[in-house]
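Summary of structural features
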Amino acid sequence: MPLQIYKRGRVYWAKGWVEYNGRRIAGPYRRSTKASTEAGARDWVARETEAQIHRYVFGDEPRMTFSDAILIYKASPKTAKQLMPIVEEIGDLPLTAISGRMLKELGPKLKPDACTDTWWREIVTPASAVINNAHDLKNTPMIRVKSYDNFERIAQDKRRNKPSRVERKPADKEWIDAFCRAADPYNAALVRFMFETAARIDQAISIEPDDLRPAENKVRVKAQKGHPESWITVSPQMMDELLALPAKRPKNRKTGKFMKSRVFGYGSSTGYNTRWKTICKRAGIPYISAHPAGRHGFFTELVVRQGVDPVTAAKAGRWSDPNLPMRIYAHAETDEADVRARFRTNHVQQDTVQTPKQQKSKKE
């Protein structure tokens, strides 16, 4: 019989034969599809049937597996670490047998307590990059994966009893001033620089003395997130503050060697965390990390508080599309109760309708 699926435990299995023009060409099967949903199992059956028919018609040909594709992919150390558990699960599968649904189903299997955003970032994205890199180099099939929808995200948040996508609180001038009063000169300058320029923390801590042009009030920030290296203009007061900081040579925690001199003295983009928490506690203000303090605070300050048009603010913050910061970085600050109260405001209007008694009185 043609391939049929049935559930065994939490996984769907396939049994039967693959037929072509009424002839059995592969089987018998009694094999796990490694899919936890019926739809995923049916996708596996469709792919396996297509692969066996192709093999029957055109003969055997070498098929690249996911492990083979890894060997021709130039992964960063961080991505390589993310790919290790993925290889253990699907490394021996040919690329033709891997679907978008299969990659998405690796999320709850490999990281059951993570949110869907983490699944997408640490599983689907690196695995898709490996497959599509093989497509570019070896003309293997490419893959497109539909992102997790809101229903999937909410369901996973409910399972792990923890919300994802918690709205970040952007910094404002009062928070910045309180932070700087309690901070040392390096961290005070760092938070003011990011709040003024929308620089990312990694861009800020990477600034070296040679990246400053005092005569032009310009600072060079490195390329990041698809944007090229650029020179950005800062206020004269900001430049004076940067020039007043003696450069420091941070130590690489992994190698133990000293790095090049840096303006703010940090060697990694996470080194500030502990120090900032201490400063916030001393200042009596809530802790805000570098990204909402800088990039989120920058856009909210200009657009929401000062009324600068989003196109101008996006250009100043080096966003190529103003719709992106409007969707992610602009935070509403109007109290919801105040909005509701507007519907209860009594509008005073002159009563133009006269009662019969008033009309009679007027005639008399």
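All values reported here derive from a predicted model rather than from experimental measurement.

**So, the overall build of the protein chain**
- A count of helices and strands for the protein chain gives 16 helices and six strands.
- Counting only residues that meet the buried cut, the protein chain has 39% of its 364 residues in that class.
- Put simply, of all contacts in the protein chain between residues at least 6 apart along the chain, 54% involve residues at least 24 apart.
- Here the protein chain has roughly 23100 Å² of accessible surface; of this, 50% comes from carbon and sulfur atoms.

**Overview of unusual backbone geometry**
- Phi is positive for asparagine 161, which is not a glycine, with a value near 55°.
- Residue placement: asparagine 161 occurs in the loop between helix H6 (150-160) and helix H7 (173-182).
- Not every positive phi belongs to a glycine, and asparagine 217 is a case in point at roughly 55°.

**Regarding helix H5 (residues 116-138)**
- Taking 1.5 Å per residue as the helical rise, H5 with its 23 residues ought to reach 33 Å, and the 31 Å between its terminal C-alpha atoms agrees with that figure.
- Bending of H5 peaks at approximately 30° at the position of valine 124, with proline proline 126 no more than four residues after it.
- Among the residues trailing H5, asparagine 139 stands out with phi positive, at a value near 60°.

**Here's the deal with helix H10 (residues 236-243)**
- Every buried residue of H10 is accounted for by Met238, Met239, Glu241 and Leu242. Taken down its axis, H10 places every buried residue within 160° of arc, on the same side. Pointing more than 90 degrees away from the buried face of H10 are the exposed residues Gln237 and Asp240.
- Contact partners of the buried residues in H10: helix H8 (185-197), strand E4 (212-213) and strand E5 (218-221).

**With respect to the packing of aromatic side chains**
- Overall, the coordinates contain seven aromatic pairs when judged by the stated rule.
- Taken together, a centroid distance of 5.2 Å and an interplanar angle of 25° make the contact between tryptophan 175 and phenylalanine 179 stacked. You can see tryptophan 175 and its partner phenylalanine 179 sitting in helix H7, four residues apart, about one turn around the helix. Neither tryptophan 175 nor phenylalanine 179 differs from the other in exposure class; each is buried.
- In textbook terms, an aromatic cluster arises when at least three aromatic residues are bridged by ring pairs, as seen for Trp175, Phe179, Tyr272 and Trp276.
- Looking at arginine 8, its charged tip hangs above the ring of tryptophan 13, at a distance of 4.4 Å from the centre.
- Taking the ring centre of tyrosine 186 as reference, the NZ or CZ of lysine 248 above it sits at 4.0 Å.

**Some details on the confidence of the model for the protein chain**
- In this model, the protein chain carries an average pLDDT of 84, and 87% of its residues clear a pLDDT of 70 or more.
- The element-level mean pLDDT for the protein chain is lowest in helix H16 (residues 356-363), coming to 52, with helix H11 (residues 273-283) highest at 95.

**Digging into the pattern of salt bridges**
- Applying the stated criterion to the full structure yields 13 salt bridges.
- Of the charged contacts, one joins glutamate 301 and arginine 305 as a salt bridge, the two residues approaching to 2.7 Å between their closest N and O atoms. Here glutamate 301 and its partner arginine 305 are both found in helix H12 (residues 290-305), four residues apart, which amounts to about one turn of the helix.
- Taking the relative accessible area as the measure of exposure, glutamate 301 reaches 8% and is therefore buried.

**With respect to the sheet that holds strand E1 (residues 4-8)**
- The sheet built from three strands is open, its strands ordered E1-E2-E3 with antiparallel pairing. Of all the strands in the sheet, just E1 and strand E3 (23-35) have a single pairing partner and so form its edges. Neighbouring strand axes in the sheet, compared pairwise and without regard to direction, differ in orientation by 15° on average.
- In the sheet, E1 pairs with strand E2 (residues 11-20) via five bridges, with the strands oriented antiparallel. Note that in E2 the partner of isoleucine 5 across the bridge is alanine 14.

**Considerations on the side chain of arginine 318**
- Take arginine 318: it is sitting in the loop between helix H13 (310-316) and helix H14 (323-328).
- As a buried residue without a salt bridge, arginine 318 has its nearest oppositely charged side chain in glutamate 196, at a separation of 9.9 Å.
- One polar contact links the side chain of arginine 318 to the main-chain carbonyl oxygen of alanine 316, over a distance of 3.3 Å.
- The contact partners of arginine 318, leaving out residues within four places of it in the chain, are Thr197, Ala198, Ala199, His227, Ser230, Ile232 and Arg295.

**Remarks on the sheet that holds strand E6 (residues 230-233)**
- If you walk across this open sheet you meet the three strands as E4-E5-E6, and the pairing is antiparallel. Every interior strand has two partners, whereas the edge strands, E4 and E6, have only one.
- Of the strand pairs in this sheet, E5 and E6 are connected by four bridges, and their pairing is antiparallel. Bridge pairing in E6 places lysine 218 opposite threonine 233.

What counts, and where the lines are drawn
- Residues numbered from 1 in each chain as written.
- Predicted model: local features only at pLDDT ≥ 70, side-chain atom pairs only at ≥ 80, totals over all residues.
- Heavy atoms only, no water.
- Helix = DSSP H or I, 4+ residues; strand = E, 2+ residues; numbered from the N terminus.
- Buried < 20%, exposed > 50% of the residue type's maximum accessible area, 1.4 Å probe, protein only.
- Contact = heavy atoms within 4.5 Å.
- Areas by Shrake-Rupley, 256 points an atom, 1.4 Å probe, with all protein chains shown as cover.
- Expected span 1.5 Å × (residues − 1).
- Bend = angle between axes of the 7 residues up to and from the residue.
- Arc of directions from axis to C-beta.
- Phe/Tyr/Trp six-rings, centres within 6.5 Å; stacked < 30°, edge-to-face > 60°.
- Lys NZ or Arg CZ within 6 Å of the ring centre and 35° of its normal.
- pLDDT = per-residue confidence, 0-100.
- Salt bridge = Lys/Arg side-chain N within 4 Å of Asp/Glu carboxyl O.
- Pairing = 2+ DSSP bridges.
- Axes fitted to C-alpha atoms, helices over the stretch in contact; angles between N-to-C directions.
- Lys, Arg positive; Asp, Glu negative; His and termini not counted.
- Polar contact = N/O pair within 3.5 Å; in protein donor to acceptor, adjacent residues only side chain to side chain.

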